[in-house]
Structure formats: structure tokens, C-alpha cells
Amino acid sequence: METFDPTELPELLKLYYRRLFPYSQYYRWLNYGGVIKNYFQHREFSFTLKDDIYIRYQSFNNQSDLEKEMQKMNPYKIDIGAVYSHRPNQHNTVKLGAFQAQEKELVFDIDMTDYDDVRRCCSSADICPKCWTLMTMAIRIIDRALKEDFGFKHCLWVYSGRRGVHCWVCDESVRKLSSAVRSGIVEYLSLIKGGQDVKKKVHLSEKIHPFIRKSINIIKKYFEEYALVNQDILKNKESWDKILALVPETIHDELQQGFQKSQNSLQRWEHLKKVASRCQNNIKNDKYGPWLEWEIMLQYCFPRLDINVSKGINHLLKSPFSVHPKTGRISVPIDLQKVDQFDPFTVPTISFICRELDAISTNEEEKEENEAESDVKHRTRDYKKTSLAPYVKVFEHFLENLDKSRKGELLKKSDLQKDF
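Cut-offs and rules
Residues numbered from 1 in each chain as written. Predicted model: local features only at pLDDT ≥ 70, side-chain atom pairs only at ≥ 80, totals over all residues. Heavy atoms only, no water. UniProt positions renumbered as here; feature names shortened; annotations may be inferred. Helix = DSSP H or I, 4+ residues; strand = E, 2+ residues; numbered from the N terminus. Buried < 20%, exposed > 50% of the residue type's maximum accessible area, 1.4 Å probe, protein only. Polar contact = N/O pair within 3.5 Å; in protein donor to acceptor, adjacent residues only side chain to side chain. Contact = heavy atoms within 4.5 Å. Patch = residues over 30% accessible without salt bridge, like charges linked within 9 Å, V, L, I, M, F, W, Y side chains within 5 Å. Areas by Shrake-Rupley, 256 points an atom, 1.4 Å probe, with all protein chains shown as cover. Salt bridge = Lys/Arg side-chain N within 4 Å of Asp/Glu carboxyl O.

- The name recorded for the chain in an unreviewed UniProt entry is DNA primase, from Rhinopithecus roxellana.
- Per UniProt, the comment on the chain under Catalytic activity (unreviewed entry) is "ssDNA + n NTP = ssDNA/pppN(pN)n-1 hybrid + (n-1) diphosphate."
- As its UniProt record puts it under Sequence similarities (unreviewed entry), the chain is described as follows: "Belongs to the eukaryotic-type primase small subunit family."

Right, here's the structure in full:
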């Protein structure tokens, strides 16, 4: 994918919002079938414009209203907030304290920078294929828990456009959850505890919760290639000292000796497992357990969630199909069936899809006499001619499942009413 020039962004955004943004699918998502009156109208949007001008409490009557405003403002970034008690664009006219956030999807934000203490390949905003596996594992672990442990059905995973992923849990019951319940869910999903100064961030007790066992099983599938080959976490003394800090001092000497004799991370890890299992078999040392190696695996691979993003109902999160102003990449939905194949470096940039659009023959446009009509006709099919198409398809598939679920619930309700 070609390099992106940020100076071109204003012009590219004009074209993107006029011809490529999937408005009808987007509105279909946030309107949730129009079941609840004014649900879309009471939703907060915020726009970040050129030069970091930030406008909160935007709200719109309908799809056409949203389109007009986006094409007028050409936002550099779009964030989605809560559904409020009143229209957000009238929040100043509501008497103090009455304007309240009432509902929102349960959201998760996973950012690669939170893994800087365990990544050897990159740091801060940089990512590469060697560390992207962290996001793959995070999606697999969190998605499994949300669906199997909590029974949630509709989880939309989205690439942030730069260095992380977002999840939107859209079930009707979930959107109504209180802040306290959201906190409880994030707490359940969090294992990494302690800031930069805390070396050992995972402490397992003797009774291992099924959630942890299932997460370990997912990590095991990736651990060798990711941690021992690509990240080479036991490459040299400097890197293995970090691991020694996570295990009891009584086995440091034995581990050190074995590490020095071994050729690579794979051999050193095998040595660590042997020492750990011997400790585990020694009754006196039952506090080590098999979880000695598990604690290391979890510290290096387990998802790191931004708790505040998930807790607050009124917290804003970057919208799907927003453009990342630094990379130019579109914030696209991720196909869970192909999560292992997802490659952030092949996600189209706004310049790439605009160029694809320009390359399409302009003959069709010349034939159209009525410009307004041509614009509408084009927009419904333009994105289909670009690399954005497969990602919109993933989004449509997600929306179809939401629709089916909603219809199923309505049928259930009407059947119940018939029974009475």
C-alpha cells in the first residue's frame, strides 16, 4: 500500500464523505431498527476538524441530516458517544442535571502502546507483523469470553487505523447496562495489574478460574511462534532477567545455568518448563504450580484493556469508517472468521481508495444529466469499486445478524402476548 501524505487529507476527505462513506449501513447500525423512538436522534457524535478543533454534542435527525453535516464539516475524526435523555445538540437548553447519558454499546479499547514493557520489536505508536499477534490473541480471548462466559452475541471488532483494536458489544440488553456492571465485566476480563514500576503483573492462585484456563489455551496456540521465535523473549541475559523477575528467587540459579547452556529462546523455555514442573511435583513447593509458566505467558500475551473507556457510559470512542489522520488508514471492521489473516498493513488508506475511484472511468458521470441523482446513484455503488468493499461486507454481515436477532426478540414478545 502506498505512502500517505497528510497534506492531501482535506481534499481526500471531501471525496470520501461525498462518494465512499457507507452511510446507509452506518445509519442502519445506530438506528437499531428504529425500535426505540428517537434513539438515533439522541445519540452524541463528536467531530475533530482540521487543526484539532473538537466539536462535541453533535446530533442528527436522520441519515440525510448526518450526511449533509459530514459533507459540510469533512471531519478528520468521528467519535461516537452515548444515547442521551435529550438531543445532544440541545443540551444547553436543558435544565441543569437533566441531560443524562442513558445507553451505549459496551466498548473495549486495546492499544499496542500498553504492551511496551513486553514488546521487543517496536515501541509507542509503531507496530509490525511481529507484534500484531498480540491484537489477534486479544480479539480471540475477549471475544470468546464475551460470547461464552457472558452470553453476548453481537460483538463488532474494528481496527483503529493505527495501532490497536476496538470492540462494540451491541446487544440490546448490553446497551442498557449501568456503569457499575460495565466495570464488573472489565474487571472480570482484566488480569494484568500494576503500573510501570510493578515488575510482576500477574498473580495466579491455586484455584485457576475457567476463564484463565481458556485464555491460556488460546495463548498456547500462538506462544511459540510469537513469543519465542518472533519476539525472542529469552534471547540474551538482558531479556531473560525480565523473566527471572517473575519467578521465585529459589530457582534463579538453576534457570540461569540452563539458560547459559541453551542456544535459543525455544530451548530456554523448555528448560524453564522442566524446572517449573519439578518444583510443582515437590509437595513443599506447591505454591509454584503449573501456573509459574502460565503467569509468564499471561504477562507477555494477555489482553491489556483501557478500563476507563469501557466503564463510562458517556465515554466517546472512535467511529468505524473514520479515517486515521496520521496513517490515513480507514478504521475498518475485522472479519472474525479471518482474524488470523487480518493484516493492518493491507488496510486501505484514504488516498488509495480515492485513487481507485479516480481510476474508474468518468464516462458514466458525463452521461448523467441530473447531477444530484447521479451523486446518489454513485454513492450506493462507488465504495464497491474500491478496496473498501470487503470491509463494508463484513459490516453488513454483522448488521444482518443484529436484524435477525431483533426480529427473533419481537416474535418472542408477540408470542408471549398471545399466550396471555
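1. Some thoughts on the environment of Leu12
- One can find Leu12 in helix H1 (residues 9–20).
- A residue is classified by how much of its surface remains accessible, and Leu12, at 11% relative accessible area, is buried.
- As a C-alpha pair, Leu12 and Gly258 span 246 residues in sequence and 57 Å in three-dimensional space.

2. Brief notes about the side chain of Gln256
- Position of Gln256 relative to the elements: it lies in helix H9 (residues 252–261).
- Classification of Gln256 by relative accessible area gives buried; the value is 19%.
- In this structure the side chain of Gln256 is engaged in a polar contact, spanning 3.0 Å, whose partner is the side chain of Trp240.
- Setting aside residues no more than four positions away along its own chain, Gln256 makes contact with Lys237, Trp240, Asp241 and Leu244.

3. Focus on a nonpolar patch on the surface
- A cluster of nonpolar side chains, contributed by Val35, Ile36 and Leu410, occupies part of the molecular surface with about 230 Å² of accessible area.
- Along the chain, the position of Leu410 falls in helix H16 (residues 389–419).
- Leu410 gets classed as partly exposed once you look at its relative accessible area, which sits at 45%.

4. Overview of the pattern of salt bridges
- Scanning the entire structure with this criterion turns up 24 salt bridges.
- In this structure, Lys72 engages Glu69 in a salt bridge whose closest nitrogen and oxygen atoms are separated by 3.9 Å. Placement of the pair is Lys72 and Glu69 together in helix H3 (residues 63–73), with a separation of three residues, close to one helical turn.
- Ionic pairing is found between Asp340 and Arg140, a salt bridge with its closest N-O pair at 3.1 Å. Of this pair, Asp340 sits in the loop between strand S8 (317–318) and helix H13 (350–359) while Arg140 sits in helix H4 (residues 129–149), and the two are 200 residues apart along the sequence.
- According to the relative accessible area criterion, Arg140 is partly exposed, its value standing at 31%.
- One network of salt bridges, in which partners are shared, links Arg28, Asp403 and Arg406.

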